[in-house]
Amino acid sequence: MTDFSSITPVPGQASLEELLVNLSVELAPGRREGLSLANPVMTASGTFGYGTEYSHLFDIEKLGAIVCKGTTLEPREGNPQPRLAETPGGLLNSIGLQNIGVDALIKEKAPIWASWHVPVIVNIAGETVDDYARLAERLDGIDGISGLEVNISCPNIKAGGAEFGVNADSAAEVTAAVKKATSLPVLVKLTPNTGDIARVALAVAEAGADAISLINTLRGMAIDITRRRPLLGNIYGGLSGPAIKPVALHMVYEVAGAVDLPVVGCGGITTASDAIEFIMAGASAIQVGTAGFTNPRAPLDVLEGIEQFMTREGIKDIGELIGVARG
Ligand SMILES: Cc1cc2nc3c(=O)[nH]c(=O)nc-3n(C[C@H](O)[C@H](O)[C@H](O)COP(=O)(O)O)c2cc1C
């Protein structure tokens, strides 16, 4: 703790001590070593690469955590082009998990992350429960990796291609398999494309998740009326950006009320006030995704805005804001 006693405050202005706010949050309180973040602002998977691409743009180590691109056992080329389409207030993507694969990630990215102060969480994706378990096992104990985020919005090949996360049983099965295979803290990332997200969240919590993040993209599509064909090469894609924020906020509110685990809110967060809404709804941390495509510095702007809000409102600890709108 810094000693401020020698600093003379300017009359009429807040002292440095008064301006200092505690932004730290704990995402795995049930574990001995925990997953402690200096602040609640994270990047959303697939929108911030491996972090390395952004390190020349701003001090990325100021963030609470970085979540890297979805990682699979083998490298993937992704879906056919076009893979992005803008919509009013949103973005449709059908990237299809293009990534370098887990071996290259361990060899090329983890050593860089190991030299950073900011925790890096690896987002994992699979086609079978066994894929997830093997990924978790491979990543266990690797220097530079502080946790796993399990993307259960992927098609379950053995169950006809429905997303693992639409069903409480398959969501729990993946969670339990990952937990068994790793000693790392595990966040499970829920899909909004399910009828009862609170039920899925409860199943995932019971299966041992340390925290829950939500939401992934909402399923959507667009049609090119001149070509008379779907705009995306993959026909459908995932909708993200400001357009999904009210849906995401509602789901975060619902899930935070259903489970006794830290919740990480995501979906359309562009400004600090968006982030504060999610925190007030019950999120312990938030992720910034699509906003970074128009303003690469968006995660840091959000963090600075949260800090300014707290200072302005005389809030000393972010914990005072978490869930405050729940009454
Ligand atoms: C281009 C793109 C790629 C994404 N890739 C992944 C991914 O690999 N794994 C994952 O769990 N979510 C992925 N997402 C979903 C985001 O992490 C996030 O959940 C979603 O976009 C909603 O947040 P936002 O509106 O702030 O972008 C991707 C989103 C976009 C736009």
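In this report, we go over the structure that sits alongside the text. (Residues numbered from 1 in each chain as written. Predicted model: local features only at pLDDT ≥ 70, side-chain atom pairs only at ≥ 80, totals over all residues. Heavy atoms only, no water.)

Regarding the overall build of the chain
Part 1 of the argument: The helix and strand inventory of the chain stands at nine helices and 16 strands.
Part 2 of the argument: For a compact globule of 327 residues, the expected C-alpha radius of gyration is about 20 Å, and the chain comes in at 20 Å, within 12% of that figure.
Part 3 of the argument: With the principal axes as the frame, the chain shows a C-alpha extent of 65 × 50 × 40 Å.
Part 4 of the argument: A burial count over the chain gives 54% of its 327 residues as buried.
Part 5 of the argument: In the chain, the share of contacts with a sequence separation of at least 24, taken over all contacts with a separation of at least 6, comes to 68%.
Part 6 of the argument: For the chain, the accessible area works out to roughly 14800 Å², and carbon and sulfur atoms hold 52% of it.
Part 7 of the argument: Both charge centroids of the chain, one from 24 positive and one from 37 negative side chains, sit 8 Å from each other. (Helix = DSSP H or I, 4+ residues; strand = E, 2+ residues; numbered from the N terminus. Rg over C-alpha atoms; globule rule 2.2 N^0.38 Å. Buried < 20%, exposed > 50% of the residue type's maximum accessible area, 1.4 Å probe, protein only. Contact = heavy atoms within 4.5 Å. Areas by Shrake-Rupley, 256 points an atom, 1.4 Å probe, with all protein chains shown as cover. Lys, Arg positive; Asp, Glu negative; His and termini not counted. Charge placed at Lys NZ, Arg CZ, Asp CG, Glu CD.)

As for the packing of aromatic side chains
Part 1 of the argument: Under the counting rule described, the total for this entry stands at four aromatic pairs.
Part 2 of the argument: Taking 4.1 Å as the distance between ring centres and 15° as the angle between the ring planes, the aromatic pair formed by Phe48 and Tyr54 counts as stacked. Just as Phe48 is buried, Tyr54 falls in that class too.
Part 3 of the argument: Between the aromatic rings of Phe48 and Phe58, the centroid separation amounts to 6.2 Å while the plane-to-plane angle is 50°, which identifies the pairing as tilted. Here the residue Phe48 occupies a position in the loop between β3 (41-43) and β4 (66-67), and Phe58 occupies one in the loop between β3 and β4, the gap between them amounting to 10 residues. Pair check on accessibility: Phe48 and Phe58 agree, each one buried. (Phe/Tyr/Trp six-rings, centres within 6.5 Å; stacked < 30°, edge-to-face > 60°.)

Quick notes on the side chain of Lys245
Part 1 of the argument: You can see Lys245 is positioned in helix α6 (residues 245-258).
Part 2 of the argument: Residue classification places Lys245 among the buried residues on the basis of a relative accessible area of 13%.
Part 3 of the argument: Those residues in contact with Lys245 that lie beyond four places of it in its chain are Gly267, Gly268, Asp274, Glu277 and Phe278.

A few points about the environment of Gly161
Part 1 of the argument: By secondary structure assignment, the location of Gly161 is in the loop between β8 (147-151) and α4 (168-181).
Part 2 of the argument: The exposure class of Gly161 is partly exposed, given its relative accessible area of 32%.
Part 3 of the argument: Spatially, the C-alpha atoms of Gly161 and Glu127 are 8.7 Å apart, while their sequence positions differ by 34 residues.
Part 4 of the argument: Among all residues touching Gly161, those that are not within four sequence positions of it are Pro155 and Asn156.

Description of the pairing of strand β16 (residues 285-288)
Two faces, one strand: in a regular strand the side chains alternate between the faces of the sheet.
Part 1 of the argument: Burial along β16 is two-sided: Ala285 and Gln287 and Ile286 and Val288, pointing in opposite directions, are all buried.
Part 2 of the argument: Across three bridges, β3 lies against β16 in parallel orientation. Across the sheet, Met42 pairs through a bridge with Gln287, a residue of β16.
Part 3 of the argument: Both strand β15 (residues 263-266) and β16 contribute to a ladder of three bridges, which runs parallel. Note that in β16 the partner of Cys266 across the bridge is Gln287.
Part 4 of the argument: Note on the crossover from β15 through helix α7 (residues 272-281) to β16: the handedness is right-handed. (Pairing = 2+ DSSP bridges. Right-handed = clockwise from strand over helix to strand, strands pointing away.)

Remarks on the nonpolar core
Part 1 of the argument: Counting 97 residues, the largest nonpolar core has Met42, Trp113, Leu190, Leu214, Ile286 and Ile306 as its most contacted members.
Part 2 of the argument: The greatest single-element share of this core, amounting to seven residues, is contributed by helix α9 (residues 298-313). (Core = buried A, V, L, I, M, F, W, Y, C linked by side-chain atoms within 4.5 Å.)

With respect to the pairing of strand β5 (residues 84-87)
Part 1 of the argument: Pairing of β5 with strand β6 (residues 90-93) involves four bridges; the strand directions are antiparallel. Following the sheet pairing, Thr87 is matched in β6 by Gly90.
Part 2 of the argument: Hairpin connection between β5 and β6: a loop of two residues separates the two successive antiparallel strands, and Gly89 in this loop has a positive phi of roughly 70°.

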